Amino acid sequence: MTKGECNCGSIRFSITTDLSDVIVCHCSICRRATGSQGIAVVLVDNDKFAWTSGEDHIITWRKPDSDWQMWFCRTCGSPVPGSNDESRMFVPAGLITDGDETLRVAHHIWVGSRAAWDEIGDGGRRHLEAFDE
Ligand SMILES: [Zn+2]
Ligand SMILES: [Zn+2]
C-alpha cells in the first residue's frame, strides 16, 4: 500500500498499485506553481486511488484560456492529487512518503523550456515538449 499526505496532514490518500514511473514537467507554468524547477507527478488509474481524508480541503485553480489546472491544500498550500481526465489521477510524487522506493524518473517533459539553472542528471527520457505514452 502506497500512502501520501500534504504538509499539514489534512489531505491523505492511498494507492493500491505498484508505482514506477515519475514524470517531471519543466514548463514555466509548473515552475511557478511549485517555485522550483517544475513538478514531478505519478499517473494513477482512478480505481487504484482513494482519498483517506481531507478531500474537502482541496482548492483548485485553472489557468485562464488553458486546460492547465492545479489542486492545493487550502491550509498548507501543498500541491495535491487531481485529475484532468476521467481515467487517471495526477499525483505529485513528493507527497508519497510511504511506498516510494520503486519510483524512478521515467520522463522529463517540456525540457525545451526549462529554467536556465535546471540541470537534468538522472536517466529519464527527455522530451522537448509533451509526449504521447
Ligand atoms: Zn495541508
Ligand atoms: Zn508543466
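Here is a short report on the structure shown in this document.

The rules behind the values
- Counting of residues starts from 1 at the beginning of each chain's written sequence and follows it residue by residue.
- Chains carry letters from A onward and ligands carry numbers from 1 onward, assigned in written order.
- This being a predicted model, a pLDDT of at least 70 is required before a residue's local features are given, and a value of 80 or more before pairs of side-chain atoms are given or counted; all residues contribute to the totals for chains, interfaces and linings.
- Hydrogens and water molecules were not included; the side-chain quantities draw on all heavy atoms of the structure.
- Coordination partners: N, O, S within 2.8 Å of the metal, 3.2 Å for Na, K and Ca; water not considered, so apparent gaps in a site are possible.
- Exposed residues in this analysis have more than 50% of their type's maximum accessible area, buried residues have under 20%, and partly exposed residues fall in between, with area computed by a 1.4 Å probe over protein chains only.
- Donor angles set the geometry label: tetrahedral for four donors if every angle is between 85 and 135 degrees, square planar for four and octahedral for six if opposite donors exceed 155 degrees and the others are between 65 and 115, irregular for anything else.
- Here a cavity is any set of points on a 1 Å grid over the protein atoms alone where a 1.4 Å probe fits but cannot get out, and a pocket is any open set with protein on both sides within 12 Å along at least 5 of 7 lines; a residue lines the site when it has an atom within 4 Å of a point.
- Grid points are joined across faces, edges and corners, and a volume is the space filled by probe spheres set on the points.
- Counting from the N terminus, the helices are the DSSP runs of H or I reaching at least four residues and the strands are the DSSP runs of E reaching at least two.
- Just so you know the grouping, Ala, Val, Leu, Ile, Met, Phe, Trp, Tyr, Cys and Pro go in nonpolar, Asp, Glu, Lys and Arg go in charged, and all remaining residues, Gly too, go in polar.
- Two rings belonging to Phe, Tyr or Trp (six-membered ring only in the last case) form a pair when the distance between their centres is within 6.5 Å. Interplanar angles under 30 degrees mark stacking, angles over 60 mark edge-to-face geometry, and anything in between is tilted.
- At least two DSSP bridges between two strands are needed for those strands to be called paired.

1. Some points on the coordination of the zinc ion (ligand 2)
Phase 1 of the analysis: Coordination of the zinc ion (ligand 2) by the protein is provided by Cys25 (SG), Cys27 (SG) and Cys30 (SG), with metal-donor distances spanning 2.1 to 2.3 Å.
Phase 2 of the analysis: Motif for the zinc ion (ligand 2), donor spacing along one chain: C-x1-C-x2-C. The residues Cys25 and Cys30 share a single accessibility class, namely buried.

2. Regarding the coordination of the zinc ion (ligand 1)
Phase 1 of the analysis: Within the first shell, the zinc ion (ligand 1) binds the protein through Cys6 (SG), Cys8 (SG), Cys73 (SG) and Cys76 (SG), at distances of 2.3 to 2.4 Å.
Phase 2 of the analysis: Geometry at the zinc ion (ligand 1) is tetrahedral, judged from its four donor atoms and the angles of 104 to 114° they form at the metal.
Phase 3 of the analysis: Each donor residue of the zinc ion (ligand 1) belongs to the same chain, with the gaps between them written as C-x1-C-x64-C-x2-C.
Phase 4 of the analysis: Judged by relative accessible area, which is 29%, Cys76 ranks as partly exposed.

3. Brief notes about the layout of surface pockets
Phase 1 of the analysis: Put simply, the largest pocket is a space of about 740 Å³.
Phase 2 of the analysis: In terms of lining, the largest pocket is formed by 26 residues, of which the most central are Cys25, Trp68, Asn84, Phe90 and Ile109.
Phase 3 of the analysis: Broken down by secondary-structure element, the contributors of at least two residues to the lining of the largest pocket are strand S3 (21-25), helix H1 (28-34), strand S4 (39-45), strand S7 (69-73) and strand S8 (88-92).
Phase 4 of the analysis: Residue classes in the lining of the largest pocket are distributed as 18 nonpolar, three polar and five charged.

4. A short note on the packing of aromatic side chains
Phase 1 of the analysis: One pass over the full model with this rule turns up four aromatic pairs.
Phase 2 of the analysis: Here the aromatic rings of Phe49 and Trp51 are separated by 4.9 Å at their centres, their planes lie at 85°, and the arrangement is edge-to-face.
Phase 3 of the analysis: The class for Phe49 is buried, based on a relative accessible area of 10%.
Phase 4 of the analysis: Ring centres of Trp61 and Trp68 lie 6.1 Å apart, and the angle between their planes is 65°; this geometry places the pair in the edge-to-face category.
Phase 5 of the analysis: The exposure class assigned to Trp61 is partly exposed, which follows from its relative accessible area of 43%.
Phase 6 of the analysis: An aromatic cluster is defined as three or more aromatic residues linked by ring pairs; in this entry it consists of Phe13, Phe49 and Trp51.

5. A look at the pairing of S3
Phase 1 of the analysis: The buried fraction of S3 is high, at four of five residues.
Phase 2 of the analysis: Relative to S4, S3 runs antiparallel, the two being bridged by three bridges. Across the sheet, residue Cys25 finds its bridge partner in S4, namely Ile39.

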